[in-house]
Amino acid sequence: MKSVIDILDLSVEEIEELIHTACDIIARPEAYQEACRHKKLATLFFEPSTRTRLSFEAAMYELGGNVLSVSSGSSSSAAKGESVADTAKTVSCYADIIAMRHPNEGAPYVASLNASVPVINAGDGGHNHPTQTLADLLTIYREKGRFDHLTVGFCGDLKFGRTVHSLINALSRYEGIEIVLISPEELKLPSYVKKDVLERNGIPYRQTTSLLEPMPDLDILYMTRVQKERFFNEEDYLRLKDSYILDLKKLETAREDLSIMHPLPRVNEISVAVDADPRACYFKQVLNGKYMRMALILKLLKEAEQG
Ligand code: CP
């Protein structure tokens, strides 16, 4: 039973296949309208979400399937102390596939060990968010036409930003990738990601606190929100939350073909005036997320049926 907990659970070839399916869904949506008829997706979200939960649910409806939803921990038996393992066993009795978001790192992995249906990690703590990475990869593919030979700047909360960790993992498998890590000292990329991903794969990277200095070099600028919910004290969050605010002035030295990405939600880190700039891709990411989740649901259900 294949689950997707980490983006590396999908090979480069499988990601290519998902992108191919997503592009076909975009071109021929009517061909997929009945693809998941009589199938049920359970979305188990123990942390807030707008995009991920609703795009999973929209994906399943557009495939002709149905959705069972837990939209907060307080509305499920988790509030009574039920374990993730028991929740996974229980929901497997009702649904054909599960998408789970949880504040505890590793919770969707535990669910995958106990479920009898595929489990998709929809974000676990500050750890991983593989389906956001699928959305990001489709966006990069549609904007750049390739995943290799790109200089990618990650800016903001690189410590707690799970989307950053997952995308760096995904990009580390392609040739000619260069990474620029732009963050305050306190929010630097965790050393395990630097050592186990960047250094192990020989990916050149540099760290800076300046957003302006690397701007002219970047093919992609991936902005992130400072993750308030992961901070232990309000004072540190308030001090760091506006470390970087991208505005049109800061983009003056950027390339004409820069792609500005952000997993969203945005707080202050991108000025609303940037939304009208043709280089802004973050709302395209939102839509691409639905197509890639459709492709992933199709793939995992097909594989589960084949045993
Ligand atoms: N990008 C993302 O995970 O957004 P949500 O928290 O709204 O799901």
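Residues numbered from 1 in each chain as written. Predicted model: local features only at pLDDT ≥ 70, side-chain atom pairs only at ≥ 80, totals over all residues. Heavy atoms only, no water.

(A) Highlighting the domain arrangement of the protein. Taken domain by domain, the protein comprises domain 1 (7-129 + 289-306) and domain 2 (131-285). Counting from both sides, the interface comprises 30 residues of domain 1 and, opposite them, 25 residues of domain 2. Carbon and sulfur atoms supply 60% of the area buried between domain 1 and domain 2, which totals about 2,300 Å² over both sides. Summed over the three residues of domain 1 that lose the most area to domain 2, namely I7, R51 and H129, the buried surface amounts to 27% of that side. Applying the counting rule to domain 1 against domain 2 returns one salt bridge. Summed over the shared surface of domain 1 and domain 2, the number is twelve residue pairs in polar contact (both at pLDDT 80 or more). Listed by contribution, the elements that provide at least two residues to the side of domain 1 that touches domain 2 are α1 (12-27), α2 (51-62), β4 (119-124) and α9 (282-306). (Domains from an automatic or database assignment. Contact = heavy atoms within 4.5 Å. Buried area = accessible area lost by both parts, 1.4 Å probe. Salt bridge = Lys/Arg side-chain N within 4 Å of Asp/Glu carboxyl O. Polar contact = N/O pair within 3.5 Å; in protein donor to acceptor, adjacent residues only side chain to side chain. Helix = DSSP H or I, 4+ residues; strand = E, 2+ residues; numbered from the N terminus.)

(B) Region of interest: helix α4 (residues 107-114). Inspection of α4 places A107, P108, A111 and S112 among the buried residues, and these make up the whole buried set. Taken end-on, α4 shows its buried residues confined to a sector of 140 degrees, consistent with a single buried face. Residues of α4 that are buried in the fold lie against α3 (84-92), β3 (97-102) and β4. (Buried < 20%, exposed > 50% of the residue type's maximum accessible area, 1.4 Å probe, protein only. Arc of directions from axis to C-beta.)

(C) Broad picture of the sheet that holds strand β7 (residues 205-208). Spatial strand order, β7-β6-β5-β8-β9: five strands in an open sheet with parallel pairing. In this open sheet, the two strands that pair with only one neighbour each are β7 and β9 (259-261). Put simply, the sheet's adjacent strands are angled 15 degrees from each other on average, direction ignored. Inspection of the sheet shows strand β6 (residues 178-182) paired to β7 by four bridges, in the parallel sense. In the strand pairing of β7, I179 is matched with Y205. (Pairing = 2+ DSSP bridges. Axes fitted to C-alpha atoms, helices over the stretch in contact; angles between N-to-C directions.)

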